[in-house]
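Residue strings, one per chain:
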Amino acid sequence: MSKLEELIEELCPDGVEYKKLKEVAQISAGGDLPRNYAKGQKVATEQYPYPIYSNGTEGGALYGFTDSYKIEKEAVTVSARGTIGYHEVRAGKFTPIVRLITLIADESKITTKFLHYALYIAGIEGVTTGIPSLTVPMLGKFTIPIPPLPVQNEIVRILDNFTELTAELTAELIARKKQYEYYKDKLFLFDDS
């Protein structure tokens, strides 16, 4: 029996409770840009040390940096425009903009990383007329499983290991494809001399 199975048997003998996101996290939407910022800045500087995130997926949705922040704690951001449902765990001290939704976990009920993984099964969708969008009240109604914290921590440990392994395997596959292309081109290069 695995550690996870043991924890579930011990701590969840009657199953796992499901709760609405608004019951386990503080949910807010990003707003306007801060007064002082550097759009397109890729790394923190002394003048602008705090990241600004927007809706999107490219480059981690990093918009730039600023000299202040709106969100102090580690949180999960959820894209509410365009790329509906794309989510990331963000280190504390950042500013969300353009309706990027931020969820700050109630640590007595759920861990930030478990919240992030649970969003994959939440089936997040938004309004699809015009530009797809998602609102704070809409997101707050989605339900997710809330096992006891020790079970959450074990699930996160397992999923983090799979995520790391997947990244390593992807990098290895890319390297092997490049190697294959190199040797294929070398083997089929016929010189007339």
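Residues numbered from 1 in each chain as written. Predicted model: local features only at pLDDT ≥ 70, side-chain atom pairs only at ≥ 80, totals over all residues. Heavy atoms only, no water.

A.B. asks: Which residues make up the pattern of salt bridges, and what values go with them?
C.D. replies: In the structure shown here, the tally under the stated rule is six salt bridges. Notably, a salt bridge pairs Lys73 with Glu107, separated by 3.8 Å at the nearest N-O pair. Linking Lys73 in the loop between strand 5 (62–66) and strand 6 (75–78) with Glu107 in the loop between strand 9 (101–105) and helix 3 (112–118), this pair joins segments that are 34 residues apart in sequence. Take Lys73: its relative accessible area is 41%, and that puts it in the partly exposed class. Among the ionic pairs, Asp106 bridges to Lys109, the shortest N-O distance being 3.8 Å. (Salt bridge = Lys/Arg side-chain N within 4 Å of Asp/Glu carboxyl O. Helix = DSSP H or I, 4+ residues; strand = E, 2+ residues; numbered from the N terminus. Buried < 20%, exposed > 50% of the residue type's maximum accessible area, 1.4 Å probe, protein only.)

A.B. asks: With reference to specific residues and values, describe the side chain of Glu154.
C.D. replies: Topologically, Glu154 is positioned in helix 5 (residues 149–187). Looking at Glu154, the relative accessible area reads 5%, which means it is buried. Aside from chain neighbours lying at most four places away, what touches Glu154 is Lys3, Leu4 and Leu7. (Contact = heavy atoms within 4.5 Å.)

A.B. asks: Outline the environment of Ile101, supporting the account with residue identities and numerical values.
C.D. replies: For Ile101, the position within the fold is in strand 9. Owing to a relative accessible area of 0%, Ile101 belongs among the buried residues under this scheme. For the pair formed by Ile101 and Arg35, sequence separation is 66 residues and the distance between their alpha carbons is 20 Å. Setting aside residues no more than four positions away along its own chain, Ile101 makes contact with Ile27, Ser28, Ala29, Val76, Thr77, Val78, Ala80, Leu134, Thr135, Val136 and Leu139.

A.B. asks: Report on the sheet that holds strand 3 (residues 37–39), specifying residues and quantitative values.
C.D. replies: The strand order across the open sheet built from four strands is 3-5-4-8, with neighbouring strands paired in mixed fashion. Both edges of this open sheet fall to strand 3 and strand 8 (95–96), since each of them pairs with a single strand only. In the sheet, strand 3 pairs with strand 5 via three bridges, with the strands oriented antiparallel. Each bridged residue has a counterpart across the sheet, and for Lys39 the counterpart in strand 5 is Gly64. (Pairing = 2+ DSSP bridges.)

A.B. asks: Describe the nonpolar core, naming the residues involved and giving the relevant values.
C.D. replies: Membership of the largest hydrophobic core comes to 24 residues, with the highest contact counts inside it found for Leu21, Val78, Leu103, Leu115, Leu139 and Ile144. Those elements that place two or more of their residues in this core are helix 2 (21–24), strand 2 (25–29), strand 6, strand 9, helix 3 and strand 10 (143–146). The element contributing the most residues to this core is helix 3, with four residues. Residues in contact with Leu115, not counting those within four places in the same chain, are Leu21, Ala25, Val76, Leu103, Ala105, Ile110 and Ile144. (Core = buried A, V, L, I, M, F, W, Y, C linked by side-chain atoms within 4.5 Å.)

A.B. asks: Can you explain the packing of helix 1 (residues 3–11) against helix 5? Please cite residues and give values.
C.D. replies: For any two helices packed against each other, one specifies the crossing angle of their axes together with the interaxial distance. Viewed as axis vectors pointing N to C, helix 1 and helix 5 meet at an angle of 160°, and their least axial separation amounts to 9 Å. Looking at the two axes, helix 1 sits roughly antiparallel to helix 5. Pair helix 1 / helix 5 crosses with left-handed handedness. Residues Lys3, Leu4, Leu7, Ile8 and Leu11 of helix 1 pack against Pro150, Val151, Glu154, Ile155 and Ile158 of helix 5. Residues belonging to the contact of helix 1 with helix 5 are distributed by class as follows: eight nonpolar, no polar and two charged. (Axes fitted to C-alpha atoms, helices over the stretch in contact; angles between N-to-C directions. Parallel < 35°, antiparallel > 145°, perpendicular 65-115°, else oblique. Left-handed = near helix turned anticlockwise from the far one by under 90°. Nonpolar A, V, L, I, M, F, W, Y, C, P; charged D, E, K, R; others polar.)

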